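# Coordinates in review
One letter stands for each residue in the lines below.
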Amino acid sequence: MDRLQQAIQKARRARDSRQQPQPLQPVTEEQLHVPQESADEDIWLTVPEIVIDPGLISRKRLMSFNGGADATPYDMLRTKMLQQTLSKGWRRVALTSPYSGCGKSTAAANLAFSLSRQEDLRTIVIDFDMRRRGLAEILKQTGNYSMADVIQGKVPFHEHALRHGNNVIFGLNFSSTRNPAEILQSRRTIEFLEQLEAEYKPDVILFDTPPLMASDDSHGFLKNVDCALLLAAAEETSIDHIDIAERQLAELTNVMGIVLNKCRYISGAFGNEYGTY
Ligand SMILES: Nc1ncnc2c1ncn2[C@@H]1O[C@H](COP(=O)(O)OP(=O)(O)OP(=O)(O)O)[C@@H](O)[C@H]1O
Ligand SMILES: [Mg+2]
């Protein structure tokens, strides 16, 4: 069993033990998991399934949708991310950037598909960039509500969300919200996340969040995540902006790393055997 598998199992055991009383006698992993697993799967299966148009794979850069060599850059990012989250007991991961257009939503979608191949893990991807339909537009999904509506109790999460396979759920925005900063900083958002974790027991929650320097939308929210990945766009984001954004982020949460996205030219030392990203 490789180190990642061991870490996944350790994290799942830790998660389950948080939700169940400690057994007096050592129990087998099978005994620990079976009742919990079936209860979880029931609620996951109430979420309607997402249908992805295969044409989006090239149009919207959903490179990791089908796995294989094309998915390698995002699979590597997924694995590096999991090594940190699982070893540190982190669950809530935000994707952010200094300014818009660095590829947060595209990365969130691709990480979701990469994570869906990690069958032992359950992932929820939430679009908290509430001013636009970002992730819904990339996945070409339509609907009536937004995550703000879910938080405000206008629609239950299981009716609004969409499920990919048995282990990934998307919470998208089908309309924009007028006051996202206030909603993201509200007590209701904190309670919504606590309830989501209690009901769905995800191993990872990925948040697509607004750019740090474009508004204060996510500043109040980021203290509620365990860590954040900062995305920068090669040849677009300046070093100064990366530096300022990283310092701002570090005051709010753990900075997991900086991803230099959209690299056209990359040397072997920083790319991977199959290609670059
Ligand atoms: N790795 C990449 N290489 C080249 N282009 C990319 C890459 N990732 C994303 N893009 C392109 O960059 C543009 C912006 O991507 P995306 O919408 O994911 O960014 P974003 O950070 O979510 O932007 P916003 O802050 O406006 O929501 C899109 O046209 C997308 O296809
Ligand atoms: Mg976006």
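Anyway, here's the lowdown on the structure attached to this text. Nothing here was measured: the structure is a model prediction, and the numbers come from that model.

Criteria and cut-off values
Residues numbered from 1 in each chain as written. Chains lettered and ligands numbered in written order. Predicted model: local features only at pLDDT ≥ 70, side-chain atom pairs only at ≥ 80, totals over all residues. Heavy atoms only, no water. Helix = DSSP H or I, 4+ residues; strand = E, 2+ residues; numbered from the N terminus. Contact = heavy atoms within 4.5 Å. Salt bridge = Lys/Arg side-chain N within 4 Å of Asp/Glu carboxyl O. Buried < 20%, exposed > 50% of the residue type's maximum accessible area, 1.4 Å probe, protein only. Phe/Tyr/Trp six-rings, centres within 6.5 Å; stacked < 30°, edge-to-face > 60°. Near = heavy atom within 4 Å. Polar contact = N/O pair within 3.5 Å; in protein donor to acceptor, adjacent residues only side chain to side chain. Areas by Shrake-Rupley, 256 points an atom, 1.4 Å probe, with all protein chains shown as cover. Nonpolar A, V, L, I, M, F, W, Y, C, P; charged D, E, K, R; others polar. Lys, Arg positive; Asp, Glu negative; His and termini not counted. Pairing = 2+ DSSP bridges. Axes fitted to C-alpha atoms, helices over the stretch in contact; angles between N-to-C directions.

## Structural notes on the overall build of the protein
When its secondary structure is counted, the protein shows 11 helices and seven strands. For the protein, the share of sequence-separated contacts (at least 6 apart) that also reach a separation of at least 24 residues comes to 79%.

## What to know about the pattern of salt bridges
Tallied over the full model, the rule gives 13 salt bridges. The closest approach of N and O atoms between E137 and R133, which form a salt bridge, is 3.2 Å. Judged by its relative accessible area of 30%, E137 is partly exposed. Among the residues examined, R133 registers a relative accessible area of 26% and is labelled partly exposed. Shared partners join several salt bridges into a network, and the residues in it are D75, R78 and R117.

## Section: the packing of aromatic side chains
Applying the stated criterion across every chain, the model contains eight aromatic pairs. Relative to F221, the ring of F128 has its centre 5.0 Å away and its plane inclined at 85°; by these criteria the two rings are edge-to-face. Residue F128 is located in the loop between β2 (123-127) and α6 (134-138), and its partner F221 is located in the loop between β5 (204-208) and β6 (227-233); the two are separated by 93 residues in the primary sequence. With respect to class, F128 is no different from F221; both count as buried. What links up through ring pairs into an aromatic cluster is the set W44, F157, F192 and Y200.

## Notes on the site of ligand 1
Not every one of the 15 residues close to ligand 1 is listed here, only the nearest: G103, K104, S105, T106 and N261. Within the side chain of R61, a nitrogen or oxygen atom sits 3.2 Å from a nitrogen atom of ligand 1. A distance of 2.7 Å is found between an oxygen atom of ligand 1 and a side-chain nitrogen or oxygen belonging to K104. Coverage of ligand 1 by the protein amounts to 74% of the 640 Å² it exposes when considered alone. With three residues, helix α5 (residues 104-116) is the largest single contributor of residues to the shell around ligand 1. Here the shell around ligand 1 is composed, by residue class, of four nonpolar, six polar and five charged.

## Side note on the environment of T123
Position of T123 relative to the elements: it lies in strand β2. Classification of T123 by relative accessible area gives buried; the value is 0%. Each C-alpha atom, one on T123 and one on I205, is 5.7 Å from the other, the two residues being 82 residues apart in sequence. Contact partners of T123, with chain neighbours within four places excluded, come to W44, L115, N167, V168, I169 and V204.

## Comments concerning the side chain of K104
Within the secondary structure, K104 is located in helix α5. One buried charged side chain, K104, makes no salt bridge at all; its nearest oppositely charged neighbour is D129, positioned 5.2 Å away. Side-chain polar atoms of K104 contact the side chain of S97, separated by 2.9 Å.

## Considerations on the sheet that holds β6
A sheet is described by the order of its strands in space; here seven strands give the open sequence β3-β4-β2-β5-β1-β6-β7, paired in mixed fashion. In the strand order of this sheet, the two ends are held by β3 (162-164) and β7 (254-261), each with one partner. Taken pair by pair, the neighbouring strands of this sheet meet at an average axis angle of 20°, ignoring direction. When β6 meets β7, the two strands line up parallel, connected through seven bridges. Bridge pairing links A232 to L260 in β7. Running at roughly 155° to β2, helix α10 (residues 187-200) makes contact with β1 (92-96), β2, β4 (168-171) and β5 of the sheet. Helix-sheet contacts for helix α11 (residues 239-252) involve β1, β6 and β7, and the interaxial angle to β6 is about 170°.

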